[in-house]
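Structure assessment
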Amino acid sequence: MPVRKIVTYGHPVLEKVANPVSEIDDEILDLARDMVLTMHAAPGIGLAAPQVNVSKRVITVDLSVGENPDDLIILVNPQFIETEGEEVNEEGCLSVPGIHENVKRPTRVRVKGLDLKGKERVVDATGQLARVFCHEIDHINGRLFIEKLSPLKRALVKKKLRKGQETA
Ligand SMILES: [Zn+2]
């Protein structure tokens with residue numbers, strides 16, 4: 001199962017708090033590999049396991065979208081150690097197709113998690129990379145970026161998304 005199907009807005013898995021990974025076994029290795037393929041194929045710069053209908057705390061991030069292998073970051077059980085500042089920038093989501101909105105996020109984050117060998121990895125990120133980490137960690141906590149919009153904006157976006165689903 002290489003490239004997996006990305007679930008979209010309205011699917012219940014996107015609203016669930018994902019389960020921590022207790023052991024990095026073959027299932028997790030397969031999941032991580034497939035997530036990277038799925039993210040690159042989409043194409044996207046980040047993906048969280050719930051987006052491929054797996055409620056586990058695994059995220060993949062690659063600002064280069066496959067161009068630079070050094071940019072690929074896979075984190076199991078990621079969590080914030082520090083967040084700092086705030087900035088507003090446009091964001092989209094593979095699970096919320098067609099919607100791009102300004103969202104406030106920290107300017108700088110320090111994230112820790114496990115790599116696929118089970119070794120702890122700490123990543124410092126600013127700007128776009130920090131934003132992607134925030135977006136993907138929100139996913140494993142069952143939150144979509146549109147929940148961060150103002151109530152009015154959110155209502156408009158949800159209306160648009162429902163309309164899209166009806167005509168799909
Ligand atoms: Zn997303």
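Quick summary incoming for the structure in this document. (Residues numbered from 1 in each chain as written. Predicted model: local features only at pLDDT ≥ 70, side-chain atom pairs only at ≥ 80, totals over all residues. Heavy atoms only, no water.)

**Points about the nonpolar core**
If you look at the biggest cluster of nonpolar residues, it comprises 17 residues, and the most contacted ones within it are Ile59, Val61, Val109 and Phe133. Listed by contribution, the elements that provide at least two residues to this core are strand E2 (58-61), strand E3 (73-84), strand E6 (108-114), strand E7 (120-126) and helix H2 (127-140). Ranked by the residues each element gives to this core, the list is headed by H2, at seven residues. In contact with Phe133, other than residues within four places in its own chain, are Ile59, Val61, Ile73, Leu75, Phe80, Val109, Val111, Val123 and Ala125. In terms of nonpolar packing, the next biggest core, distinct from the first, is built from 14 residues, Val13, Leu14, Phe145 and Ile146 among them. (Core = buried A, V, L, I, M, F, W, Y, C linked by side-chain atoms within 4.5 Å. Buried < 20%, exposed > 50% of the residue type's maximum accessible area, 1.4 Å probe, protein only. Helix = DSSP H or I, 4+ residues; strand = E, 2+ residues; numbered from the N terminus. Contact = heavy atoms within 4.5 Å.)

**What to know about the pairing of strand E5 (residues 101-105)**
Here E5 shows a clear split, with Glu101, Val103 and Arg105 buried on one side and none of Asn102 and Lys104 buried on the other. Pairing geometry for strand E4 (residues 87-91) and E5, over five bridges, is antiparallel. Counted as the bridge partner of Asn89 is Val103 from E5. (Pairing = 2+ DSSP bridges.)

**Here we look at unusual backbone geometry**
In this structure, the amide linkage connecting Ala42 to the following residue, Pro43, adopts the cis form with an omega of -10°. Assignment of secondary structure puts Pro43 in the loop between helix H1 (26-41) and strand E1 (46-48). One non-glycine residue, Asn53, lies in the positive phi region at around 65°. What makes Asn53 partly exposed here is its relative accessible area of 44%. Of note in this structure, Val65 is not a glycine but carries a positive phi near 50°. Topologically, Val65 is positioned in the loop between E2 and E3.

**Brief notes about the pattern of salt bridges**
The full count for this structure, using the stated rule, is 17 salt bridges. A salt bridge links Arg108 to Glu84; the shortest N-O distance between them is 3.4 Å. In this pair, Arg108 is assigned in strand E6 and Glu84 in strand E3, connecting sequence segments 24 residues apart. For Asp138, the salt bridge goes to Arg105, with nearest N and O atoms at 2.9 Å. Here the residue Asp138 occupies a position in helix H2, and Arg105 occupies one in strand E5, the gap between them amounting to 33 residues. Like Asp138, the residue Arg105 is buried in the burial classification. Salt bridges here are not isolated pairs; linked through shared partners, they connect Glu82, Glu84, Arg108, Arg110 and Asp124. (Salt bridge = Lys/Arg side-chain N within 4 Å of Asp/Glu carboxyl O.)

**Section: the side chain of Arg4**
Note on placement: Arg4 falls in the segment before H1. Exposure remark for Arg4: the relative accessible area of 16% places this residue in the buried category. Apart from residues no more than four positions distant in its own chain, Arg4 is found in contact with Asp30, Leu31, Asp34, Thr38, Val52 and Val54.

**Examining the sheet that holds E1**
The pairing of strands in a sheet happens through backbone hydrogen bonds and is either parallel or antiparallel. As summarised here, the arrangement of the five strands in space is E1-E2-E3-E6-E7, forming an open sheet in which the pairing is antiparallel. Strand pairing shows two members of the sheet lacking a second neighbour, E1 and E7, which therefore form its edges. Across this sheet, the average inter-strand angle for adjacent strands is 35°, counted without regard to direction. Two elements, E2 and E3, share four bridges in a ladder whose sense is antiparallel. By the bridge assignment, Ile59 is partnered in E3 with Leu75. Against the sheet, H1 contacts E1, E2 and E3, and its axis sits at roughly 35° relative to E2. Each of E1, E2, E3, E6 and E7 is contacted by H2, which is oriented at about 155° to E2, the strand it contacts most. (Axes fitted to C-alpha atoms, helices over the stretch in contact; angles between N-to-C directions.)

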